[in-house]
Structure formats: C-alpha cells, structure tokens
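The residues making up each chain are set out below.
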Amino acid sequence: MAATQSDLPGAPTTATKATQLPKWPTKFSEQVLAVRNAVAREDRSWSAEELARSFKSARRGAVADALDSLSALGLIVAFDASGVKRWKAPARSVA
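Residues numbered from 1 in each chain as written. Predicted model: local features only at pLDDT ≥ 70, side-chain atom pairs only at ≥ 80, totals over all residues. Heavy atoms only, no water.

Enquirer: Would you mind showing me how to read the pattern of salt bridges here?
Expert: A side chain of one charge can pair with a side chain of the opposite charge if their charged atoms are brought near each other. Across all of its chains, the model carries 4 salt bridges by this definition. Where Arg-86 meets Glu-50, a salt bridge forms, and the shortest distance between an N and an O atom there is 2.8 Å. With a gap of 36 residues between them, Arg-86 in strand S2 (residues 84-88) and Glu-50 in helix H3 (residues 48-52) connect regions that are remote in the sequence. Here Arg-86 falls in the buried class, since its relative accessible area comes to 15%. Because the salt bridges share partners, they merge into one network encompassing Arg-44, Glu-50 and Arg-86. (Salt bridge = Lys/Arg side-chain N within 4 Å of Asp/Glu carboxyl O. Helix = DSSP H or I, 4+ residues; strand = E, 2+ residues; numbered from the N terminus. Buried < 20%, exposed > 50% of the residue type's maximum accessible area, 1.4 Å probe, protein only.)

Have a look at this one:
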C-alpha cells in the first residue's frame, strides 16, 4: 500500500495543525506584518475569511483591515472574484 502525505514522519495531523496555528497579534502593526508574511508565503489569492482561519483567534474584519492597508500601500493586490474580495502578492518580476 502506498504511503500518503499524512503517513510520512513529521507530517502534521489535523489536530496538530489546529494547535500550531500562529496566534493573531494584538497590535495592528504586528497584524499587518503577519498578514503580509502569510500572503507572501504562498502563491495564491486569499479571502479575508480564509486568511483569518490560518491564525488562532483572528477575526475576519481585523484581517480584512490589514489586507486593505497593505493593498492601499501597494504591497499586495486586491481584486474581486465572483463577488468575493480577494488579495494576493504582486507578481514577481524575473530579472
């Protein structure tokens, strides 16, 4: 029988993933930094709700505020996808 990703040594279990979520910072400046790092870490777009679920105790509204702040500064890109606001890191230029 072939091993699955969850069978590999050190692979997180569902319970482990939930307990290893980073804590949502209390200071707004730290929230913005945490959101920027999370968005930059993965090559995908995020809704505020999706990103809020990647932090322990984060509220969707607070995450959306941080995302909007980063977008206003031009550090991430905001767009509408089927009526849902999403954000992603800007495309990296290849030099």
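Enquirer: Hey, could you run me through unusual backbone geometry in this one?
Expert: A negative phi angle is the norm for most residues apart from glycine, just as the trans form is the norm for most peptide bonds. In the Ramachandran plot, Ser-57 falls in the positive-phi region, its phi being about 70° despite a non-glycine side chain. Checked against the element boundaries, Ser-57 lands in the loop between H3 and helix H4 (60-72). Phi is positive for Ser-82, which is not a glycine, with a value near 55°. Within the element layout of this structure, Ser-82 appears in the loop between strand S1 (77-81) and S2.

Enquirer: What's the story with helix H2 (residues 28-41) in this structure? I'm lost.
Expert: An α-helix turns once every 3.6 residues. As a result, residues three or four positions apart point the same way. Taking 1.5 Å as the rise per residue, H2 with 14 residues should run 20 Å; its terminal C-alpha atoms sit 20 Å apart, in good agreement. Those residues of H2 that fall on the buried side of the exposure criterion are Gln-31, Val-32, Ala-34, Val-35, Ala-38 and Val-39. Viewed along the axis of H2, the buried residues span an arc of 165°, placing them on a single side of the element. Of the surrounding secondary structure, the elements contacted by the buried residues of H2 are H3, H4 and S2. (Expected span 1.5 Å × (residues − 1). Arc of directions from axis to C-beta. Contact = heavy atoms within 4.5 Å.)

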